[in-house]
Structure formats: structure tokens, C-alpha cells
Amino acid sequence: MADSPMSFSFFSEFGLLFYLEELNNEELNKFKLLLKETIEPGCCPIPWTAVKKAKREELACLMNKHYPGEQAWKMTLKIFGKMNLRDLCKRAKAELNWQMQTMKSEDVEAIKEDHGDEEAMLGDRADYRTQIKEKFCITWNKTSLLGESADFNYGITQKNRKLLEHAFDVNVKTHKMPKIVLLLGAAGIGKTTLLRKVMVDWAEGNLYHQFTYVFYLNGREISQLKERSFAQLISKDWPSTEIPIEKILSQPSSILFIIDSFDELNFAFEEPEFALCGDWTQEHPVSFLMSSLLRKVMLPESFLLVTTRITTLNRLHPLLKKPLSVRLKELCKNARMDYIHQFLKGKTWATNAARSIRKNARLFSMCRIPLVCWLVCTSLKQQVEKGGSVAETCQTTTALFTCYICSLFPRVDGHSANLPNETVLRSLCQAAANGIWTMTHVLYRDSLRKHELTRSDISVFLEANVLQKDTECENCYVFTHLHVQEFFAAMFYLLRDNLEGVDYPFQLFENLNVLLQSEHYHHPHLAQMKCFLFGLLNKDRIKQLEETFNITISLEIKKELLQCLELLGNDDSFPSQLRLEDLFHCLYEIQDEVFTTQAMSYFPKVTIKISEEINLLVFSFCLKLSECLQTIKLTVTALLDTIFHSYPTCDTWQEDVDRVTHGWQDLFSALHNNEDLRELCLYDSTFDELMMNILSQELRHPNCKLQKLVLRAVNFLDYSQDFSFLPHNQNLIHLDLKDMDMQDKGLKSLCDALKCLTCELQKLRLTCCDLKPIHCLHLSEALIRNKRLVFLNLSTNNLSDDGVKLLCKALEHPDCCLERLSLANSGLTKVGCEDLSLALISNKRLTHLCLADNFLGDDGITLISDALKYPQCTLKSLVLRSCHFTPLGSEYLSTSLLHNKSLTHLDLGSNSLQDSGAKLLFHVLQQRTCNLQELELMGCILTSECCVDLVSALVNNPNLCSLQLGNNNLKDTGVHILCDALRNPNCNIQRLGLEHCGLTSACCQDLSTSLHGNQKLLRINLTKNTLGYEGIRNLCEVLGSPECKLEVLGLDKEKVDEKAKKLLEAVRVNNPLLVIKSHYDNEGSGCWWQYF
């Protein structure tokens, strides 16, 4: 249509500018971003660079140029709608109507004709919105599955609606609107209810004005469909048979698709992306269409809002591109308590009930879901009205849910009016278990048939409110809540036939062993069912079920579970921290002390992490009942601040403190209940005075047999470091305090304990403890008084020369019994070496000394070398790694080795010896009087030039058995020379390190020949070298033969090609005694300082 005078006047730059002037700067930027993303059919979009820098006047000009006539105004109104600027839209439309009244009749007719189709579309939209309002308002009233408070539900939904209100707004940082919003929430939290509310609000014009159409796709309903076109799929709610689908889908950027309950889509979603379809007219399997929509192949410009449970997130995430995740709010602790008090208002036992729920941390945690909170309160109320005990009902989650399930089948005159027979009950339980395993929570017609259930069979469960018929989807039944399904799924294992001796293959979900191997992190959907299974084995729960359903439950399942647990205990790969935590939660549910003690006997080593109160409650129960523990590794990351730092006048404050105190007492009681418990490791934890006092009390217990206590990276609050337990424990010989910020009070307590004659400690590690020189005064006094301590590690502390000087006073004292001392990275320089040298001469017991990572230089090495010359020096191992000395320092060391008769291990790694310094050392090694057995020269800037002298040393020295040459540029030439020594029968080398030496396949023939004839070499490290296929082939010819005596080979087997891997596999088969490691660890006696 040609522009009329009116249209030209009204839609001129001035008219548009008038409304753009109404926008503030933030709104103008948002308008520009939406203009960039809004596409008008038949119009050429404005280049973004021009839009981005345009001022209001320039923007009005650009819009009139690219969107002539009324197109500019239509675009403006559409964007105003997306920005929710209702007042501007209303004023503009009113002005448009007024302008049309003043126009000539022919212009009005022309406009009306031009807008005819649009008016029809507007009518269709209005009808569609009316249809949506009617459908979802009716559904809204039917969403209460269990009869919980509608007002409560409505309030929760209104709060969650605010989370979605701005979900599709432009991101301030990225300047883009999210195309996909992912709505996450646990079962029963109200995701579907919220979406239905969203549909009603959109239809009423109160939400998402930017979307012309919103289509609701129900996962449960879609799962029943087979083949459809996408157009057919979204047309089900259209009010008439004729739907203008082409016009609707021609503007996908104005469409929102809501996919409710992704977790109920029983599709694999394994289609490759190139095979997906973007044609909405073609018929395909519905799974194909949903995959195309989710993966943005179908209508990529459209918007998606998808809901799913947390448990299916791993399945959904790979399908979505950069979704914005929104997690529905759960009830906070205060909100839960408020609801419980309100629900039980007026009951004399209400306070006791609220405390009982709060006391059971797992049950209280489940109450964060509004529906479950209602269920718990309802069940508790029913039990009390029947004369039941509040404490017993709330003892475990299984106890409460058993009461709830049994209440659904009330007894009249001692008999239940309507009970399923045992066969039907078993079939429903089987269907529930299969659904939990496969994460399908809807019983379709096929599911019923598969599990031999008829409509008549399930009628009793419908009447009892165990199942609910779907109001929208025909032949669909769901459990009233996921926990109800999990409960009946757990019952399946109690009712199923014993599978022992069964000759037909049984299904995965029937296998108890597989169930027990699952852990919460990878299989969160199985966790609660597993807990219910154990909980139902409690004698009181069994009695309740037998009386309610008139059945007999065999206790053989207990024996079967114990057998499975024993197998898991014997499996070295099983006892991961996560799996053990899952198991402990299950054992807590059963509340059977005999069973728990037996089960715990299969797991002598446990690793647990306490991050919340429920962990403490569960782990303390299990550890208190254990009798065969050998090692406990514990991490405490939460001190339950909400309890200890809550306002003291709170009604439950003291009760909460007492409960937690008892929890710690029960947990640490394992120290005296387990005669074989030898090691307790506390890592990355926070301790306060209460916890330290309880631990200290247990360590003093006469039955505590602990030998090693590790308190690594433990943060002590309230100056609570206390080691007064040491003199009272005659078994504790090893204390590791690495990474502890040692307080003055703590160090004094430690040193006072060391001074006691009854302190039996032999090994003490104080690495990275922020020790200062002044602390060495207390340590020195303790070393003189203590008669047991032989190992002391003070590495990575800023002791400096002053601190070392104070320690040397103790070393010089004849009563000092220290044998091994590590001062690595302690700030020692040549100044402190003078005192240390004198101490080494006078000390008669010190045999191992580590001075690594200190700036000693050549002068410091000279002083240490002088001490080595004295026959009184008793050192056997000396570590001088990374001490910053040169060939000059090597010369002094070499000379001292000629006089020293005790030193057998010397580590000079990471110093600049170079070939000249190494040659001096090798010259001394050629002397048969040199007693050195282990020499480490890793990273000493050596080349093949020094290898001739090294060969002479290896052949002439009968004592040297271990040599580390890694991280030196020896190359193939150097190894070729070394192989001359390896082939010599006088060479006694047993361990050889050649990692990262620049080796290639060229040296492998020499190595192969040497290995064939050498009967002494047991370990060789060739990692971080590029040996290639040919090199591996040459080595394998010898490695697989019986003549090869090698026991350990370091080799990057993951980095070799497939042909080489096959050769190595053949070696493994032919020579099973040979271990090939990708991660080679030096295991000589010289590594004492690294592992102590």
C-alpha cells in the first residue's frame, strides 16, 4: 500500500522520535538489543553497528528508512510489548485511533484492508488465549494430588513465579536474551503447578508480553504419541480446527515453547544432530521432533522454557545450548518450622513434634519440599491421634513413611476394608522399582501390561491415594509423590522371589549387588529407595507392613544384603568416600544394632566427610557400632554454626547443642570401641573447643589403641589446640600436624606434652605450620627432655638461621635422641650451616638429614662437607636438593666422601653441578672405599659428556645400587655409553632413573641388549621420553622373555600408538611379574624425607 498523507505524517521520524524520547538510557539500550533480535518478514534488518551507536534522532531515521510506512510503528509497538512498557503502548494505540478518525475515508479503508489479515490473526490469538485460560484455570484447581492446603500451594507458587518473571529479559552483561531457560526443582516442589500458572498469566496478559504465542508441551502426554508433524504437535490446544500455523511459525522469535516434565520423556535422544529436522510440516517420531526442538534445529529463533528434576539434569544438559538455569526455591529452615507449627497449631504435643522433626536432620531436610512437609505433618498428626509416639514416628524417614503408607489402608474391626492381594502388591512394587531405576515415574498402559497389572488391579491403589489418575492424559497413572514410589520400589526387594539358583537372566533392577554399588553422586535417583529398603528391614517396620497388607515377609533379604556387603568390602575399588556415605545412611535407617555391627565389620577402612548435621547423626550411629575398624579418614567442613552461634534464648538451642555434642561423642567413641583401630586422619577440617575436648577425652581412654594421628590442615577455633592427651596415650607414636596454623598456646601444649616421661611419640611432623624462630626454643627444650622422639619434620617453616641455631643446641646435647630431621625450605643459609656443622660432628644419633630447598650456596655446602669428613659424623642420608651450589660445592662434597664411611644416600638433585662437577663426584665413586649406595642427580644439567666417567664409577664401585639421572639432557649418546656399564657383570645397579632425558628409539636397541644380559637391574624409569613404536618393539623383545629380571618399568604406555599397546599387552601376558607404570614413583630409602 502506498503511504497515505496520514501515515506519512503519523509514522514520520518526528512521530517515532516522540516515543523514543520517552525512554531512559537503559530502556533505549534494551530497545536497541530487541530491535536487533526482532525480525519483520519482508524487511531488511538494520545493521547492528549503525543501531548500536545511533542517537534517538538517528535511530528514528534508520527505522523509517528500513521499515517504511507503518512497519516502523508495528516494530516499535512489538518491542514496547516485549519491554512490558504498557503505558507507552496504550498511549500510542490511542493516538493511532484518533488519527484514523481524522483521516479521509479512502485512507481508512486502505488501512483497514491492509490490516484485515492482522485483525483475523488478533482474533485467533484472543480465542487461543481464552482457550488457554479455561483449560489451565480448571487444571489449576486439580493440582492438589494429596489434598494439601491450596492457600499454601498458591503462596509458594506466587513466590516462585517471580523467579520466572524476568527470566527472558536481556542480560546486562551479554546484551542478549536467553533463548533457553531451564527450570530445576525436586519432585513435588511445584514445577508443573508453576508452569500452569505461567500459562494462565500469559493468557490474561499479565506475563511475557514479548511472546505472541506460548505453547505448552506436556512430557507425560508426548511420551504416548508416536508420529506427528511439529505443527500437529502444537495444535492440540487451538480453539478451532483451522489454525494459521504458517503465519504463527513465520515469526519464531515471538514464540515460547514450554516443555513441562522433561524427566517424563521416555526418549533416548541419541539422534546425530545432522540427521535432525527443521521442517515443521513433516511427520516424524515424536522423539525426533522433541530432540530437534531442544537442540535448536527446529525453529532455532524460538524460545524454550524446560522443566526437569535434578536427577535427570545429566541427560538434558548435553541437548541444550547455553541455557539459563533457574532453581525453584525450597522452604528454608525457618519457613519449614513456621509451617509445621502452623499445621499443628492448637495441639498440646505440637512443640514436641516440631522438635522431633527438627532432630531428624534427614527428615527435616526432606521437608524443604512443600508437598513433603505437608505429608510429614499429616502423617504425624494421624499417628498421634491413633496413640502413636511422636519420637518413634520421627526416628527415621522410613518410620514416618511406613506410618503414612499404612494409614492409606485403614483397618476397620481389625481388618482392612480394601487390600490388594500379595501378587498385585508385588506387581505394583516391581513397576515402582523398574520406574525408579529407569527414572520413569508414569505408569502407561504398556507399563501396566508389562507388569501384569489391570485397571481393576490398580483401582485399590487409586482409592487409597497411592496412585493418581492423570486428569489430562488418558491411561496414565502416577504415584502421588516420588517418595511414595520409592517406598513401594523398596518393598519390591522384600517381596520378590529369591534369585539364587535362577537359570533365566533377571533384570538389572532386581540385582541387589548392583543397587548397593550405586552411589549418590552418579545415581542420585536410587539413593532414597535404597534407604527405604534398609529401613523397611527394621523389625517394627516389618511388623507394620505385615499387619497392614496381611502378608509374611521373609528375613532372607537381610542375609542376602550382608552377603552383598561382604563382597563389596572385599572389593578394593568399592570403599570410596561417596559409596560409604550412602551405605552409612542406609544402615542408620535400619536402626538395627546387630545388623549394623555385622555390616561395618566388612569395611575396616572408612573415609567420611561431615558437612552438615545429618552426616554427624548418621556417621556417629555407624561408627559407634563398629568393632573392626583399622583406619578412619575424616573431614569436617561445617561446625553447624546455626546451632552453636544461634541466639541462646532460642527454645531448642540447648537441646540442639546437646544433640550435636552426643553426636561427636558417639563418633569418636570408635577410638576405644575398635581394638584394631590404628590410624585416625582428620583432613581439611575446622575444630572448636568442644570437638577438641571430646577427641582429647577419647584419646586418653585406656582402650584407645591408636598409633597414628593425622591433623592435617585442621583449623582450630577459640585457641583450642590442645595436646595434653599425648602423655596419657601409651600407643600413639606418630603425630602429623602438616598445614596446621600452629598457635603459641598449641605449640606450648605440644612441647609440654613432649617433655613428659610418659609421652611415647616417636614421629612428629610439623610441616607448613607457620613456625617462627622463637618456637624453636620450646622445641629445643622438648627435644632434650624427650627420650622417644626419633623423627622430626620441620619443613616449610620460616625458622631462619636463628631458629636452626636454637635447634642445634638440642642436637649437640647428649640426651637428644633424634635420628631423622627435615629442615627443607626453612630459610637456612650458609650462616646457619656453621652451627649445623658443629652439631653434626657432636651428635651421635642423627642418621638422616634433609636440607632441600635452602639457599646454602657453595659456602654452606663447604661447611656441611667439613662435618662429613669427621668420623664422629653418623649421617647415613643427606638430602641437598635445590641448595643452589655449583661445581665448586661439588668438589668439596666429593673430597668429604673419600673420608666419610657412614653416608650411603646422597641427593644432589636440582643443583647446577654440570658435567664438570659430576666428573669430580664420579672420580670419587670409582674408589672402592666409597660407601655410597644411592645417588640422586636429577636435574643437574648433565649431558653425555660425563657418562664415560660415570661408567667407570658404576663398574668399579661395588656399593652403588641406585642411580637417578632424570631431567638431564643425556640423549641417546649418553645412554649408549651407560649401557656399557649395564652389560658389565661388575655393575651392581638395581634402580636406574632416566626419565625426561631426551631419549628416542635410537637408544632402545642398546637398552634391550643390556636388559637381556643384566641380572641385577630390577627397576628402570623411561617415562617422558619419545621412544616411538620401533623403540617399544625393541624393548618388548626382551621384556617378554624369561631371561629378563626387570620387575618395574616406568613407561608412558597411554601415549604410545595402538600397535605399541598390543606389544605391551603381550608382554603383560608373557611376563606377569613385570609391572609397567605410567606414574613411576621412586621407592628407594632415600625418599624418606618426602613421605615422612
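To be clear, the structure that these remarks concern was listed above.
Now for a look at the structure at hand. Since this is a predicted model, take the numbers as computed values, not measurements.

1. Considerations on the sheet that holds strand β4 (residues 255–260)
Strand order across the open sheet formed by 5 strands is β2-β4-β6-β1-β7, with parallel pairing between neighbours. A strand with exactly one partner marks an edge of an open sheet, and here the two such strands are β2 (213–218) and β7 (324–327). Strand-to-strand twist of the sheet, defined as the mean angle between neighbouring strand axes without regard to direction, takes the value 20°. Sheet topology note: the strand β1 (residues 180–184)/β7 ladder contains 4 bridges and is parallel. From the neighbouring strand, Leu183 faces β7, where its bridge partner is Val326. Against the sheet, helix α11 (residues 191–203) touches β1, β2, β4 and β6 (303–308), its axis set at about 155° to β2.

2. With respect to the pattern of salt bridges
Using the criterion set out here, one finds 36 salt bridges in the structure. Of the charged contacts, one joins Arg788 and Glu760 as a salt bridge, the two residues approaching to 3.0 Å between their closest N and O atoms. Here Glu760 lies in the loop between α38 (744–755) and β18 (763–765) and Arg788 lies in the loop between α39 (775–785) and β19 (791–793), a separation of 28 residues in the sequence. On the accessibility criterion, Arg788 (35% relative accessible area) is partly exposed. Taking the relative accessible area as the measure of exposure, Glu760 reaches 18% and is therefore buried.

3. A short note on the packing of aromatic side chains
How two aromatic rings sit relative to each other is given by the distance of their centres and the angle of their planes. Here the structure, examined in full by the defined rule, presents 33 aromatic pairs. A centroid spacing of 6.3 Å and a plane angle of 35° characterise the contact between Phe479 and Phe488, whose relative ring orientation is tilted. By relative accessible area, which is 7% here, Phe479 ends up buried. Residue Phe488 is classed as buried on the basis of its relative accessible area, which comes to 0%. Measuring from centroid to centroid gives 5.2 Å for Phe492 and Tyr493, while their planes differ by 70°, and the two rings are edge-to-face. No difference in accessibility class separates Phe492 from Tyr493, as the two residues are buried. Counting every residue linked through ring pairs, the aromatic cluster contains Phe401, Phe409, Phe461, Phe479, Phe487, Phe488, Phe532 and Phe549. For Arg129, the ring lying beneath its charged end belongs to Trp202, and the centroid distance is 4.1 Å. Directly above the ring of Phe303 sits Lys179, whose terminal nitrogen or CZ lies 4.2 Å from the centroid.

Calculation criteria
- Residues numbered from 1 in each chain as written.
- Predicted model: local features only at pLDDT ≥ 70, side-chain atom pairs only at ≥ 80, totals over all residues.
- Heavy atoms only, no water.
- Pairing = 2+ DSSP bridges.
- Helix = DSSP H or I, 4+ residues; strand = E, 2+ residues; numbered from the N terminus.
- Axes fitted to C-alpha atoms, helices over the stretch in contact; angles between N-to-C directions.
- Contact = heavy atoms within 4.5 Å.
- Salt bridge = Lys/Arg side-chain N within 4 Å of Asp/Glu carboxyl O.
- Buried < 20%, exposed > 50% of the residue type's maximum accessible area, 1.4 Å probe, protein only.
- Phe/Tyr/Trp six-rings, centres within 6.5 Å; stacked < 30°, edge-to-face > 60°.
- Lys NZ or Arg CZ within 6 Å of the ring centre and 35° of its normal.

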